[in-house]
Amino acid sequence: MEHGQLTRVRARPGRPTLLLTQTVHAHRPETGAVSVLKARGTVDASHAMEFCEAVTEHIARADRAGELPVLDMTEAYVACAAAVRAVDRVTRVLAFSGRVLPVVQPRPQLRDALCTAGLPGVRVYATMAAALISLDSLYSPAAPRRASPRPGGTSW
């Protein structure tokens, strides 16, 4: 795996709510190239838009490089509904084109929010291994490129 550097999405002096992102590239025999955006920290109202831009850029770069994008929320906290709306804005385009963004191991609060919101461009996975295995069925050449039959479908 190739690890990118941690990137500060936004930091405010004196505030503990720092959000860092890191891109990790991998190649899997089953799915090919995969690009994982790892988020660490807190997504709150003050930088939900920056988070949205980071995810948008990640998906665009993965598409240009011929990689499959994945969002790893294992170490991230979501402190507001604006963050869920930001994910919806980004993934709505994916859903329209028949694709989904695998989101790995979000905290229970975010997992519940994503499932309740029913975002058609998001599919939630309990582990990175489950997400990577699903990429094979989601994006294999023989599989049709379509979103989950249930909006906001999960692998739980």
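What counts as what
- Residues numbered from 1 in each chain as written.
- Predicted model: local features only at pLDDT ≥ 70, side-chain atom pairs only at ≥ 80, totals over all residues.
- Heavy atoms only, no water.
- Axes fitted to C-alpha atoms, helices over the stretch in contact; angles between N-to-C directions.
- Helix = DSSP H or I, 4+ residues; strand = E, 2+ residues; numbered from the N terminus.
- Parallel < 35°, antiparallel > 145°, perpendicular 65-115°, else oblique.
- Left-handed = near helix turned anticlockwise from the far one by under 90°.
- Contact = heavy atoms within 4.5 Å.
- Nonpolar A, V, L, I, M, F, W, Y, C, P; charged D, E, K, R; others polar.
- Expected span 1.5 Å × (residues − 1).
- Buried < 20%, exposed > 50% of the residue type's maximum accessible area, 1.4 Å probe, protein only.
- Arc of directions from axis to C-beta.

(A) Structural view of the packing of helix α1 (residues 48-65) against helix α2 (residues 81-96). It is the contact of α1 with α2, at a shortest axis distance of 8 Å, that shows an interaxial angle of 25°. Comparing the axis directions of α1 and α2 gives the class roughly parallel. α1 and α2 meet at a crossing whose hand is right-handed. Where α1 approaches α2, its residues Ala48, Met49, Phe51, Cys52, Val55, Thr56 and Ile59 are matched on the opposing element by Ala82, Ala83, Ala86, Val87, Arg89, Val90 and Leu94. Classifying every residue of the contact of α1 with α2 gives twelve nonpolar, one polar and one charged.

(B) α1, seen in detail. For α1, spanning 18 residues, the distance from its first C-alpha to its last is 26 Å, which sits close to the expected 26 Å at 1.5 Å a residue. What α1 keeps buried is the set Ala48, Phe51, Cys52, Ala54, Val55, His58, Ile59 and Ala62. Axial view of α1: buried residues confined to an arc of 160°, hence all on one face. Among the exposed residues of α1, those pointing more than 90 degrees away from its buried face are Glu53, Arg64 and Ala65. Residue Gly66 follows α1 closely and has a positive phi angle near 75°.

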